[in-house]
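# Per-entry structural report
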Amino acid sequence: MKKLVLMLAAASMAASVSAQTVAESKTFDNIYVGINGGVATKTTGHKWLSDLDPNAGIRVGRYFTPVFGLAVEGNAYFSNKPWGSTGTAVRATNVSLLGTVNLSNWFGGYKGEPRAFEVSALYGLGWAHVFTSDKVFKELTSGQRNRMTSKAALDFAFNFGSEKQWQVYVEPSINFAFLGQAAKKHLVVDPANPGNTYYADYTNDYNYKAGSNAGQPAYNINNSFVQLNAGLVYKFKNSNGTHNFTIVTPRDQAEIDALNAQINELRNRKPEVITKEVVKEVPAVKEFTVSDLVFVTFAQGKYALTNDAKSALNNIKEGSHVQVVGTASPEGSKEINDRLSQARADVVADYLKARGVNVDEATGKGVQGTTSNRLAVVYVK
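Residues numbered from 1 in each chain as written. Predicted model: local features only at pLDDT ≥ 70, side-chain atom pairs only at ≥ 80, totals over all residues. Heavy atoms only, no water.

Of the regular secondary structure elements, the chain holds seven helices and 16 strands. Within the span of the chain, comprising 381 residues, buried residues form 43% of the whole. In the chain, the proportion of contacts linking residues at least 24 apart, taken out of those at least 6 apart, comes to 68%. (Helix = DSSP H or I, 4+ residues; strand = E, 2+ residues; numbered from the N terminus. Buried < 20%, exposed > 50% of the residue type's maximum accessible area, 1.4 Å probe, protein only. Contact = heavy atoms within 4.5 Å.)

The four strands are arranged S13-S16-S14-S15 in an open sheet whose pairing can be described as mixed. Among the strands making up the open sheet, the edge pair consists of strand S13 (293-297) and strand S15 (358-367). Going from strand to strand, the sheet's axes swing by 15 degrees on average, the running direction of each strand aside. Where S13 and strand S16 (residues 375-380) come together, five bridges link them in antiparallel fashion. (Pairing = 2+ DSSP bridges. Axes fitted to C-alpha atoms, helices over the stretch in contact; angles between N-to-C directions.)

For the peptide bond that leads from Lys 81 to Pro 82, omega is 5 degrees, which places it in the cis range. Assignment of secondary structure puts Pro 82 in the loop between strand S3 (68-77) and strand S4 (92-102). A positive phi angle is found at Asn 30, which is not glycine, with a value near 60 degrees. Looking at the secondary structure, you find Asn 30 in the loop between helix H1 (2-18) and strand S1 (31-42).

So, about the pattern of salt bridges. On inspection of all chains with the given rule, the structure shows eight salt bridges. When the shortest N-O distance is used, the salt bridge between Arg 59 and Glu 73 registers 2.7 Å. Note that Arg 59 is positioned in strand S2 (residues 53-63) and Glu 73 in strand S3, a separation of 14 residues in sequence. One exposure class covers both Arg 59 and Glu 73, and it is buried. (Salt bridge = Lys/Arg side-chain N within 4 Å of Asp/Glu carboxyl O.)

What follows concerns the sheet that holds S1. Spatially, S1-S2-S3-S4-S5-S6-S7-S12 is the arrangement adopted by the eight strands of the closed barrel, whose pairing is antiparallel. Sheet twist, expressed as the average angle between the axes of neighbouring strands with direction ignored, equals 25 degrees. Of the strand pairs in this sheet, S2 and S3 are connected by nine bridges, and their pairing is antiparallel. In the sheet register, Ala 56 faces S3, and the bridge partner there is Ala 76.

This part takes up the environment of Trp 166. Mapped onto the secondary structure, Trp 166 falls in strand S7 (residues 166-178). Sequence separation of Trp 166 and Lys 235 is 69 residues, and the distance between their C-alpha atoms is 6.3 Å. Discounting chain neighbours no more than four positions away, the residues touching Trp 166 are Phe 158, Asn 159, Phe 160, Leu 232, Val 233, Tyr 234 and Lys 235.

Direction of pairing for S1 relative to S2: antiparallel, over a ladder of ten bridges. If you follow Gly 37 over to S2, its bridge partner there is Ala 56. Pairing analysis gives eleven bridges linking S1 to strand S12 (residues 224-235), with the strands arranged antiparallel. By the bridge assignment for S12, Gly 37 is matched with Ala 230.

Once that is clear, we can look at the packing of aromatic side chains. Using the criterion set out here, one finds ten aromatic pairs in the structure. Between Tyr 110 and Phe 245 the ring centres are 6.4 Å apart and the planes differ by 85 degrees, which places this aromatic pair in the edge-to-face class. Taken as a pair, Tyr 110 in the loop between helix H2 (103-108) and strand S5 (117-130) and Phe 245 in the loop between S12 and helix H4 (253-268) lie far apart in primary sequence, 135 residues in all. Residue classification places Phe 245 among the buried residues on the basis of a relative accessible area of 7%. Aromatic side chains Tyr 234 and Phe 236 sit 5.4 Å apart centroid to centroid with 90 degrees between the ring planes, which places their arrangement in the edge-to-face category. (Phe/Tyr/Trp six-rings, centres within 6.5 Å; stacked < 30°, edge-to-face > 60°.)

Let us now look at the confidence of the model for the chain. The pLDDT averaged across the chain works out to 82; a share of 79% of its residues lies at or above 70. Predicted confidence is poor over residues 11-20, with pLDDT under 50, and the contacts of this stretch with residues over four places away or in other chains come to eleven contacts. The low-confidence segment residues 281-289 (pLDDT under 50) makes 16 contacts with residues lying over four places distant or belonging to another chain. (pLDDT = per-residue confidence, 0-100.)

Looking at where Gln 165 falls in the secondary structure, it is placed in the loop between strand S6 (146-160) and S7. Apart from residues lying up to four places away in sequence, Gln 165 is in contact with Phe 160, Val 233, Tyr 234, Lys 235 and His 243.

In terms of nonpolar packing, the biggest core is built from 18 residues, with Leu 313, Ile 316, Val 322, Val 348, Leu 352 and Val 378 touching the most fellow members. When contributions to this core are tallied by element, the ones reaching two or more residues are S13, helix H6 (307-313), strand S14 (321-328), helix H7 (334-354) and S16. Look past the residues within four positions of Val 378 in its chain and what remains in contact with it is Asp 292, Leu 293, Val 294, Leu 313, Ile 316, Val 322, Gln 323, Val 324, Val 348 and Leu 352. Grouped together as the second largest cluster of nonpolar side chains are five residues, Tyr 32, Ala 71, Tyr 169 and Val 233 included. (Core = buried A, V, L, I, M, F, W, Y, C linked by side-chain atoms within 4.5 Å.)

The following block contains the structure:
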């Protein structure tokens, strides 16, 4: 239990540090699903290579920060060597709740996207059940075929795909079964003196050095097995349009004031200057004024329309022809900013089309300038 508390405390500290550097996540962001399979063998009391037990499983998890996450994993075991067969295809199952700590991001920092190669530590508790079709074995093991378990593992992972949305990993682990005693003491008759009785510790001998222990949970190496699995993981797309966390640069009040001043100055500038620096490719159809431009602002790293943005767009008359240009602020990579600016242009265009406005063009221009330009500019022709 002390190990669990220490790991959770360390993970919480890591989570608080990394949470300051990444964009806010929504409830269903950073979720992944994976499959895995491999072999397991009892740690002590037998010959390893002759007693390998195959297993297969599924893992569903969520990263709360680039360092810390939680996962639920279930594995089915198709053999129970070195013990005799229980008479079923699936001999046992184990379901665990695991805390995950990305050691690479913890010690090396998160750079905006996963590394090609990462190492993570996992630790948690679970519940195992042993199946049997043997009536005698079932009666003899009544009350002993459900056990609390614990798992500690290291994942050596390789991330790949156009957006690092896929991951393959190799995972060595050690898994403990907490084999508690049915009773602490039992009455024993002294064979040398039948009239003399005493109480002795009650233990169950499960063979191959395995046996029950008092004071559960007890991490007894004789009640454990080592496992080597390989797995494949898919990380679902997030609300930010990527499959992973994105970095944000914290802004102080001076920067926010400068942004507001820039927006106000942009609104007051001559229209030909605005089109030269922001729109750049607006065709010279007619002379226009600042009133021909509608500015839509967005939150950092987002492309959802606010109520204020919708109110501004509602002023554009049905049947009008418009051109939309989306921009982004300098935070993040060029690839992310280009995609984000296009998403902003598209969401404005879709909203206007639904209102009967003719959108001639909707283009994302990426980063425009060296300060925060989280805008979509609508030119009404």
